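# A look at the structure
Here are the chains, one letter per residue:
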Amino acid sequence: IVMCCLVPHLAMAQRADPAVPPVRVVGPLPVSADTYPFGAANHTRVPEDLKEVGYVEEEFFVSGVANVYDWPADGPVRVRTANAPYTTRVLIRRPADRARFSGNAILEPLNPSNRFDLNIGWAISHAQVVRNGDAWVGVTSKPISVAAMKAFDPARYAPLSWANPLPESDPQNCTMVAGDSTRATENGLIWDVLRQVGAWIKGRDSSNPLAYGRSNQASVQRLYAWGYSQSGNFLVTYLNAIHPLDVRALGNPLFDAYFIAVPSGLTAIHQCAQAPAPGDPRRPIANAGVPVMRLVTLSEYLRVEK
């Protein structure tokens with residue numbers, strides 16, 4: 001009921017490719033003095049006026065069905081649980097004038113290390129993003145961040161869901177999960193969430209704000225993945241586990257390049273799995289077929305192991 005009263009646009013996004021399931025898109029969500037996006041640029045500690053630089057900020061809900069995967073050490077990923085419904089949020093900052101849009105979109109899985117969405121990529125790179133006329137796409141990437149948004153604005157974020165497709169009675173729904181996770185939700189939905197949001201952004205549906213209202217015409221020429229620390233771990237895992245699926249299914253990579261900053265390794269493919277340990281053959285990045293920039297800071301470079 002809340003959404004039918006608030007949302008000005010509702011569309012079913014077309015498939016960017018038959019191999020990527022379509023998503024349902026709601027938005028852009030309304031903004032007022034009483035309801036606005038979590039992490040909105042003009043509500044940060046140092047507020048940003050995006051209008052001053054010719055940008056707009058829009059928030060969307062993206063819904064679809066995601067697989068939860070297993071990733072054996074001796075082979076490629078395989079489906080563990082199929083077609084789990086989800087709804088995540090996507091925050092987009094883009095040039096208001098399509099003539100300024102560079103054709104570059106930067107997709108950032110928002111960092112959940114503080115138990116809420118951190119837009120580290122925008123914070124570090126926004127000056128260059130704006131200078132280039134690029135678009136920035138922040139994607140909520142973990143259930144703990146959904147919980148934070150529901151606490152922030154229960155009515156606005158009521159539709160969000162990363163529900164575990166397995167009931168607690170199922171033996172595969174493990175009883176031991178990390179402290180930032182629960183058995184009622186599933187962290188492993190992230191991989192298809194990123195795939196499907198990326199395909200939507202690259203696609204031609206009218207619900208895609210980067211199409212700038214042009215019917216059935218793609219505007220995004222290059223889609224880059226940007227991750228830092230925990231979200232960098234997400235991208236290393238995506239690159240080694242899911243990227244090969246994209247290439248096989250689509251014929252080309254979904255992401256045209258990866259920028260991965262200060263990752264500590266890979267993350268678990270789902271919340272009942274173990275992250276591959278040092279020395280595991282799944283950890284090295286090899287034969288990606290697209291540019292991969294991996295950044296370390298002085299804190300990693302100068303660390304002395306004892």
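Anyway, here's the lowdown on the structure attached to this text. Fair warning: this is a prediction, and the values are worked out from it, not measured in the lab.

Glancing now at the state of the cysteines. Following the criterion strictly, the structure yields 1 disulfide and no others. Note that Cys174 is cross-linked by a disulfide to Cys272, the S-S spacing being 2.0 Å. Its torsion about the S-S bond being -90°, the disulfide of Cys174 and Cys272 is classed as left-handed. Here Cys272 lies in the loop between β8 (257–261) and β9 (292–295) and Cys174 lies in the loop between α3 (143–152) and α4 (190–202), a separation of 98 residues in the sequence. For Cys272, a relative accessible area of 25% puts it in the partly exposed group.

Moving on: the pattern of salt bridges. Evaluated as defined, the whole model comprises 12 salt bridges. Two residues, Arg94 and Glu58, come together in a salt bridge whose shortest N-O distance is 3.0 Å. Residue Arg94 is located in strand β4 (residues 78–95), and its partner Glu58 is located in strand β3 (residues 55–70); the two are separated by 36 residues in the primary sequence. As far as burial versus exposure is concerned, Arg94 and Glu58 are alike and both buried. Measuring nitrogen to oxygen at the nearest pair gives 2.7 Å for the salt bridge that ties Lys142 to Asp180. Pair noted here: Lys142 is in the loop between β6 (135–139) and α3 and Asp180 is in the loop between α3 and α4, with a separation of 38 residues, a long-range link. The exposure classification of Lys142 matches that of Asp180, with both residues buried. Among the charged side chains, a salt-bridge network with shared partners connects Glu59, Arg89, Asp117 and Arg156.

Rules used throughout
Residues numbered from 1 in each chain as written. Predicted model: local features only at pLDDT ≥ 70, side-chain atom pairs only at ≥ 80, totals over all residues. Heavy atoms only, no water. Disulfide = S-S within 2.5 Å. Helix = DSSP H or I, 4+ residues; strand = E, 2+ residues; numbered from the N terminus. Buried < 20%, exposed > 50% of the residue type's maximum accessible area, 1.4 Å probe, protein only. Salt bridge = Lys/Arg side-chain N within 4 Å of Asp/Glu carboxyl O.

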